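This is what each chain is made of:
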Amino acid sequence: MATITVDGKEIEIGDNERLNVIQAADRAGVSIPFYCWHPGLSVVASCRMCLVETGTKNKETGEISMVPKLVPACQTPAKDGTVVVTNSPKVKANQNFVQEGILLDHPVDCPICDQAGECWLQDYYFEFGHQERRADIHPFTSKRRELGPHVSLFADRCVMCSRCVRFTREVSGEGELMVIDRGSHAEIDVFPGFPIDNKMSGNVNDICPVGALCSTDFLYEQRVWFLEAQNSVCTKCSTGCATQMHVNQNQLYRIQPRFNPNANDWWMCDAGRYENQFVTAPERLDGVVIRRNNAWEPLDWPHAIREVYNHVADVALNHGGSHLAVVLSPFLSCEEAYLLASYAVSILSDVTLVVGKIPVVGHDEKFKSGFTIRAEKCPNRRGVEEIVKHFGKQPLDWDGMLAKIATGEIKGAYVTGGYGDPWIDDAEAAKFEHLESLVVQDILPSPLARRAKLVLPGVTAFEKDGSYVNHAGLIQSASWGLRPHGGAHVDGQTFSDLLGRRGIYNAADVLKELAAKVPFFARCTDGVPPAGLNLVTGQEKHPLTTELGTVTHPTPTFRSEGSRMLEVETPTR
Amino acid sequence: MQPDDKSIKWVREPQLGIAGRMYLTPLFDGLATTAKHFFSTVKGDGFTRQFPEERPEFGNPLIYRGVHRLNKDDEGRVKCVACFLCATACPAHCIDIVGTEAPWKDREKYPQSFVIDELRCIFCGMCEEACPVDAIELTSLFDLTGASREEMIFDKEKLLSVYDMTVEAEPMKSKSMAEAAGQPAGKGH
Ligand code: SF4
Ligand code: SF4
Ligand code: SF4
Ligand code: SF4
Ligand code: FES
C-alpha cells in the first residue's frame, strides 16, 4: 500500500495502481482542474491548469520536503509518501492565470456555443476563474469550418489542449488532425484534402473540453441542459459499447459513449453514434396486422396475442413440437429471449428453438488503441445462444432452419427481428412462403413480414429495458429512453402476455428469474452493475463511480464525489 | 392541548339581528357604492374610461409587460441568436425555438422558427431578462385578442411585425434605457 497525502488528508492506494496525482487526489475527494490530460490518451502536460505543489514525506522522520516549483499533477506519479497541496495561494494564482490566459482570446459566445452547459472552461471559470477582464480584446464571431463529415471546428474557441490531435494519433490511428502555426496563431486543422473521416471520428467532439469541436450532426439541434440521459448499450455490433442516450420530449438527440473498461473504454464508433435513423423511420411498423382473405387487417393487441397462439401453437399441436420453429433474434435482450424461449417450450417441450440470423459485415476492424468494431452486427448473439442451448431440445441456427424448411420438416415459424438494417432478401424470404403459418415480429417492414400471416410490431433497444451479452461474454443493461413507436409493444411485454403473465413486463424481475433458472446467467441475481458482468470469465473491472459517466461533462471522468461538477441531477423515472 | 385549556379563547359567531337576517344592510352598502361611482362619473372625474376609444396611459411603457416582440438588428434581420435562454428561463414553457446555422456571413446561429404561445404565457418578463442580446422584449400592447387558440400562437413573422408596429413608440430598451441613463447605446455584449 502506498500512502499519499492530499491537502493534509492521507489516502492509501494499491501498490501497482500507477495513478497520477489527479487520480490520487480524486480518491481523496479533491478535484484538480485539468484540460489536456485524458485518462485514455498520452500525457503532454501542456495546458498547465493542473499545476499543484508536491513534495515527499520521509517515512521515518515524518519530515516533508516540498518541491519549490509547481508541477503538473497529470504528469506526476502518485508514489508512496507523495504529498500534494492543491489549495495553496500559489496553486490558486496559477489556476487563475491559466484561465485568464485562455479567456484572453476566447470568443465567449456561450449563448450560441453547443458546448455551453457541459463546457469545462465555463465550469472552471466559476470555480477557478479570474472574474474581471483586464485585456479588452473583443475580436471574434466564431465561424464554423467542417473538418470531416461529423466534425465541425470553431477555431476561436480552441484551448489548444491537443486532446483531439492525440486521439487521432493514438486511438483511431489515422492522425488526420494536427496543430498548424505557432504560439497565439496555433490552430487545429486537417491537411487539405484529407478530412477527418475515420470510423471513430465522433469521439473528438466528446473529448474536446470546450466548444471548439462540435458534432455536425447534433449542431444547434438542442441545448444540452434540456437533455435527459439514460444508460444504454449500442446494438450496432457485438462489441456492445456502453453508451448514454440523450433524449428530450421523446426525441433522441444524441448518443455518447459511457466509460466501460470492459467493453469500449471511453470510445464508440460513428456507426453506433450516428446511424440510428431507423428508430424514427417513417416506415416503422406501428400496429398489429393480420392477413385475412389476402388483405391486411389491423388487429388489437389482446386479439393479436390469441392469434399468435392460434397460428403457432396449432402447428405444434397438429404436427408435433419439432415442426414449429421459434426464432430468437440476436437483437432481443436476454430477458426477452428467455421469455420467448419459455413460451415456446410451454407449448410443447420439443419446439425447435432457433438462433436468429447473425448479420456479419466485412471483417473486424481493430484500431490503434485496441478498440474494435466487430463484423458481427448484433448485440446479443452470446446471450441468445445460451438461452437457446438451455431450453431447446435440438437448437438450430438460421441456416439449419432454412434447410429444414426446405425439406418440409418445419411447417410453421414465429420469427423475431429487430434489425436496424435490411436483413433478409426476397429470395431468402421466399423460402418461408409455403409454411402453414408464419408470424413475424419486427420493427421495419421486410420481405419476410410481407409474406407473414400475422405481423407484430416490436421496438428498438432505445425503447426497452434489457440486457445484452457482447462478444466477450460481458452482460450489460440498457434502459429505455423513448416510448414505444406508435402502437408497438415492448417485445418483452408481448412475450409476457403470451405466457399469460399478468401486469407490466419488468426486465429487472425477469433477469432475476433468468439468473435463477439458467446457470450461465447466475451472476446476474442482483442485477447488472454499470460496467457489466463477464459471464464467461467471471472477472471484470469495476471502476469507481466517479470514473463512470460519459467522457464529457456533466460527469467528466475522475471527478470526485462531492465536487461541484458531480452535482448534476440524473433524471430518474 | 385540552378543550378546557385556560389559554384557549372561545369566540362565538356574532348573531345576526332582524335587519341582518333580511340582508338589507349589505344591500344598501352595495347600492351606496354604485351611487357614489354613478355621481362621480356624471360629475366627470374620469373614473370610467371609454375603452377602446380611449386608451389608458401607462406610467412607463418601457417596463410594461404586454405582448412580446422580436427585435431586429441594424440590417433588419432578426436579432435573436437562438440561444434558447428565454425558453430555458420561461416558467410557462411557452417558447419553442428551432435553431439553425445563420445564412449570413457575420452571424453563426439564428432561429429558423420562433414561436410563443401567448395564451400560455404569464407575462412575467423572464424571457426579456434572460436574453443576452436584447432580442425579445415585452411591449405595452395589452389588449390582445384572437378568435382561436391557433391565432394566439405567435410565430417569428408575427413577433417581428409587433416590432415594426411598436418600435416608433417604444424604442429598443437596450437603447432607450442607456440613453435614459446618459450613456451612449452599446452594441450589445
Ligand atoms: S467553449 Fe465554453 S466558454 Fe467558450 S463559448 Fe463555448 S461554452 Fe462558452
Ligand atoms: S479542438 Fe478541442 S480538443 Fe482539440 S486542441 Fe482545441 S480544445 Fe483541445
Ligand atoms: S413573459 Fe414569462 S411566461 Fe411569457 S414567454 Fe416570457 S418568460 Fe415565458
Ligand atoms: S434569449 Fe434572446 S437570443 Fe436567446 S433565443 Fe431567446 S430571444 Fe433569441
Ligand atoms: S492537465 Fe496537466 S497540464 Fe494539462
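Residues numbered from 1 in each chain as written. Chains lettered and ligands numbered in written order. Predicted model: local features only at pLDDT ≥ 70, side-chain atom pairs only at ≥ 80, totals over all residues. Heavy atoms only, no water.

On to the domain arrangement of chain B, then. Annotation of chain B at the domain level lists domain 1 (17-48) and domain 2 (61-180). For domain 1 of chain B and domain 2 of chain B, the distance between their C-alpha centres works out to 45 Å. (Domains from an automatic or database assignment.)

Taken together, the neighbourhood of ligand 2 is formed by 13 residues, with A:Cys158, A:Cys161, A:Ser162, A:Cys164 and A:Cys208 sitting nearest. Its residues assigned to classes, the shell around ligand 2 shows 11 nonpolar, one polar and one charged. (Near = heavy atom within 4 Å. Nonpolar A, V, L, I, M, F, W, Y, C, P; charged D, E, K, R; others polar.)

Let us now look at the site of ligand 3. The environment of ligand 3 is made up of 13 residues, and the closest members are B:Cys90, B:Cys121, B:Cys124, B:Gly125 and B:Cys127. Counted by class, the shell around ligand 3 contains 11 nonpolar, two polar and no charged residues.

All names here are of chain A. Compared with the 27 Å implied by 1.5 Å per residue over 19 residues, the 27 Å span of helix H7 (residues 301-319) between its first and last C-alpha is a close match. The sharpest bend along H7 comes to roughly 30°, located at alanine 313. Two residues or fewer after H7 comes glycine 320, characterised by a positive phi angle close to 105°. (Helix = DSSP H or I, 4+ residues; strand = E, 2+ residues; numbered from the N terminus. Expected span 1.5 Å × (residues − 1). Bend = angle between axes of the 7 residues up to and from the residue.)

This brings us to the side chain of A:His323. Residue and element names in this part refer to chain A. Along the chain, the position of histidine 323 falls in the loop between H7 and strand S17 (324-328). Judged by relative accessible area, histidine 323 falls into the buried class, the value being 18%. Side-chain polar atoms of histidine 323 contact the backbone oxygen of glutamate 409, separated by 2.4 Å. Each residue touching histidine 323, except ones within four places of it in the same chain, is listed here: Val315, Glu409, Ile410, Lys411 and Gly412. (Buried < 20%, exposed > 50% of the residue type's maximum accessible area, 1.4 Å probe, protein only. Polar contact = N/O pair within 3.5 Å; in protein donor to acceptor, adjacent residues only side chain to side chain. Contact = heavy atoms within 4.5 Å.)

Here we come to the interface of chain A and chain B. Contact with chain A, which involves 12 residues of that partner, is made by 17 residues of chain B. Overall, the association of chain A and chain B removes approximately 1,300 Å² of surface from exposure, summing both partners, and the carbon and sulfur fraction of that is 60%. Contact with chain B buries surface across chain A, with A:Ile112, A:Lys143 and A:Tyr220 losing the most and accounting together for 44% of the total. A:Arg144 is the partner of B:Glu101 in a salt bridge, and the nearest nitrogen-oxygen pair spans 2.8 Å. Taken together, chain A and chain B are joined by five residue pairs in polar contact (both at pLDDT 80 or more). (Buried area = accessible area lost by both parts, 1.4 Å probe. Salt bridge = Lys/Arg side-chain N within 4 Å of Asp/Glu carboxyl O.)

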